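Now for the letters of each chain:
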Amino acid sequence: MIPRTVMRCLLALAALVTALALTVAQGGTAQGGTLPRHGWYLLDVALFALAVLLLRRVPGWQVVPLVLAGSVAVAAVGLLAPPRTSDDAYRYVWDGRVQAAGISPYAHTPDDPALARLRDPGLFPAGDGCTGWDERRTAAGDCTRINRPAVHTVYPPVAQAWFLALHPFGGGVRGVQAAGALLAVATTGLLLGTGRARWRAALWGWFPGVTVWAVNDAHVDTLGALLTVAGLGCAARGRAVRGGLLLGGATATKLLPALALPGALSGLLARRPTRRDILLLGSALGAFALSYLPYVEASGASVLGYLPGYLREEGYEQGHIDRFGLLRLVLPDRLAPWAAGLVLAIVVARVLRRGDRERPWEGALLVTGTALLLVAPAYPWYGLLMVALVALDGRWEWLAVPAAGQALYLTGGQGAQQLSYGTALCVVVVVPLLRQYLERGPSWRRAVAAAGGRK
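Residues numbered from 1 in each chain as written. Predicted model: local features only at pLDDT ≥ 70, side-chain atom pairs only at ≥ 80, totals over all residues. Heavy atoms only, no water.

Visitor: What exactly am I supposed to notice about the overall build of the chain here?
Guide: Each helix and strand counted, the chain has 19 helices and two strands in total. Counting the 455 residues in the chain, one finds 55% classified as buried. Partitioning the contacts of the chain with sequence separation of at least 6, the portion at a separation of at least 24 is 72%. Entry remark: accessible area of the chain is about 19200 Å², with carbon and sulfur atoms responsible for 66%. (Helix = DSSP H or I, 4+ residues; strand = E, 2+ residues; numbered from the N terminus. Buried < 20%, exposed > 50% of the residue type's maximum accessible area, 1.4 Å probe, protein only. Contact = heavy atoms within 4.5 Å. Areas by Shrake-Rupley, 256 points an atom, 1.4 Å probe, with all protein chains shown as cover.)

If you want it as structure tokens, here you go:
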């Protein structure tokens, strides 16, 4: 007989998986769909919160199989359709194919005639009018599903190695999606293996963004999140070299995991640097640098690819109106980037001085979350790293940050940026204050705080 607590959680989980399946199948694409996409996403978030709350009531020995089974189901429904809201996976397939042909992915743009022999209908469709949401014309008039076909790849070398590794397994976008599902479930397994409050693994494994961003859209950020979780776990156990290598590899996957490195060095400024600190930092920097060497030898300075152009295009520059939305509420446009750098430096310094060396994910979450709040990116999959760090640390209020990215991605506009990330900031600030208030009150308030806290 299945215990009542388990049955309730299973029913909520089944409802969540069903809603996610409908989100993928009917929730529209990047250019609209049969029903308003925001409605599906709101339903997904509500069911996710309910399922996790009910999981807290499940007896400890039943949590692990329940979380793992739910993670498999949440990941699997992302495979029900081709990518719906991002076309990045097509670039992954192309970069892997180019490398399999013995060519550096940084050497040519996808529309370069020199690579015409590598084209196929999956990436360069013909005869369909080129009207799909994920299709566009090259300068020569050819139709392609690869975004920005006139520019070089932007992805760092570990990501490129991952694309090459996936190429023999079909060489198509479906294979990349399947790999994303495997990475998502592997991350859940790694979180379950930490030995900490195992229900937290559901904050990653059952999170709706895993279905959409990690599996259906197959973003390589998932690999960076997996390597970061593994690296921080090693750092907490004193395995400095292994932790540094993993964190360096994570950074060479998507750059964003570099924000987790101050967490791995928590408390460094409050003590004399130890051999462990030096080994961790040195191995992280070494892994990052060494990963570039084969590509530097093949392509020289072009290994930077489209990164400088991407940063300009996405508004990461002085005075651009599409970024730093919260700071621009109180500062002139030209000062916002400088203020963002100053605030982030202060947070990093705090982690390096007062952070807990045995809980490096605390500092990693604080630095990463602060950076995303300051920059306010419009791409929600950047928040996959945040979700993994939340699952390690337990401060669920930080999930508001990737949720803000999703809201901005659906609606767009400067006003939406300030509203979505402003709301996320309020959640991040208010929830800990409320938690402290409940913990200091009568026994019933302490019970409420424990049910919604990090224990």
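Visitor: Even after reading the chapter, I still don't get the packing of aromatic side chains, so can you show me in this structure?
Guide: Working definition: an aromatic ring pair is given by the centre-to-centre distance plus the angle between the planes. By the definition in use, this model includes 12 aromatic pairs. Ring centres of Tyr92 and Tyr155 lie 5.1 Å apart, and the angle between their planes is 85 degrees; on these two criteria the pair is classed as edge-to-face. Pair noted here: Tyr92 is in helix α4 (residues 88-100) and Tyr155 is in the loop between β2 (143-144) and α5 (157-166), with a separation of 63 residues, a long-range link. The class for Tyr92 is buried, based on a relative accessible area of 2%. Ring centres of Tyr379 and Tyr409 lie 6.3 Å apart, and the angle between their planes is 65 degrees; this geometry places the pair in the edge-to-face category. With Tyr379 in the loop between α15 (360-375) and α16 (384-393) and Tyr409 in helix α17 (residues 400-411), this pair connects stretches of sequence that are 30 residues apart. Accessibility expressed as a relative area gives 24% for Tyr409, which makes it partly exposed. By the ring-pair criterion, three or more aromatic residues cluster together here, those being Tyr379, Trp381, Tyr382 and Tyr409. (Phe/Tyr/Trp six-rings, centres within 6.5 Å; stacked < 30°, edge-to-face > 60°.)

Visitor: Looking at this structure, I do not really get the pattern of salt bridges. What am I missing?
Guide: Where side chains of opposite charge bring their charged atoms close, a pairing between them can arise. For the coordinates displayed, the defined rule picks out 13 salt bridges. The salt bridge involving Asp277 is made with Arg357; its shortest N-O contact spans 3.5 Å. Placement of the pair is Asp277 in helix α12 (residues 275-299) and Arg357 in the loop between α14 (336-354) and α15, with a sequence separation of 80 residues. Overall, Asp277 belongs to the buried group, its relative accessible area being 5%. For Asp393, the salt bridge goes to Arg395, with nearest N and O atoms at 2.3 Å. A relative accessible area of 0% means that Asp393 is categorised as buried. Sharing partners across several salt bridges, the network here consists of Arg359, Glu362, Asp393 and Arg395. (Salt bridge = Lys/Arg side-chain N within 4 Å of Asp/Glu carboxyl O.)

Visitor: Honestly, a nonpolar patch on the surface in this entry has me stumped. Any pointers?
Guide: Together, Leu425, Val429, Val430, Leu433, Leu434 and Tyr437 give the surface a local cluster of nonpolar side chains, amounting to about 550 Å² of exposed area. Tracing the backbone through its elements, the reader meets Val429 in helix α18 (residues 414-439). (Patch = residues over 30% accessible without salt bridge, like charges linked within 9 Å, V, L, I, M, F, W, Y side chains within 5 Å.)

Visitor: Can you walk me through the packing of helix α1 (residues 4-26) against helix α3 (residues 60-76) in this structure?
Guide: The description of two packed helices rests on the angle between their axes and on the distance between the axes. In the contact formed by α1 and α3, the axes pass within 10 Å of each other and the chain directions differ by 15 degrees. Comparing their axes, α3 and α1 come out roughly parallel. The two elements α1 and α3 meet at a crossing, and its hand is right-handed. Across the interface between the two elements, Val6, Cys9, Leu10, Leu13, Leu16, Val17 and Leu20 from α1 touch Gln62, Leu66, Gly70, Ala73 and Val74 from α3. Classifying every residue of the contact of α1 with α3 gives 10 nonpolar, two polar and no charged. (Axes fitted to C-alpha atoms, helices over the stretch in contact; angles between N-to-C directions. Parallel < 35°, antiparallel > 145°, perpendicular 65-115°, else oblique. Left-handed = near helix turned anticlockwise from the far one by under 90°. Nonpolar A, V, L, I, M, F, W, Y, C, P; charged D, E, K, R; others polar.)

Visitor: I keep staring at unusual backbone geometry and nothing clicks. Help me out?
Guide: Positioned with a positive phi, Cys130 is a non-glycine residue whose angle comes to about 55 degrees. Locating Cys130 in the fold gives a position in the loop between α4 and β1 (136-137). The phi dihedral of Ala376 falls on the positive side, at around 55 degrees, and the residue is not glycine. When you line up the elements, Ala376 lands in the loop between α15 and α16. Owing to a relative accessible area of 0%, Ala376 belongs among the buried residues under this scheme.

Visitor: I tried to follow the side chain of Arg328 on my own but got confused; where do I start?
Guide: For Arg328, the position within the fold is in the loop between α13 (307-313) and α14. In this structure the side chain of Arg328 is engaged in a polar contact, spanning 2.7 Å, whose partner is the side chain of Asp333. (Polar contact = N/O pair within 3.5 Å; in protein donor to acceptor, adjacent residues only side chain to side chain.)

Keep in mind that these numbers describe shape and distance, not what the molecule does.
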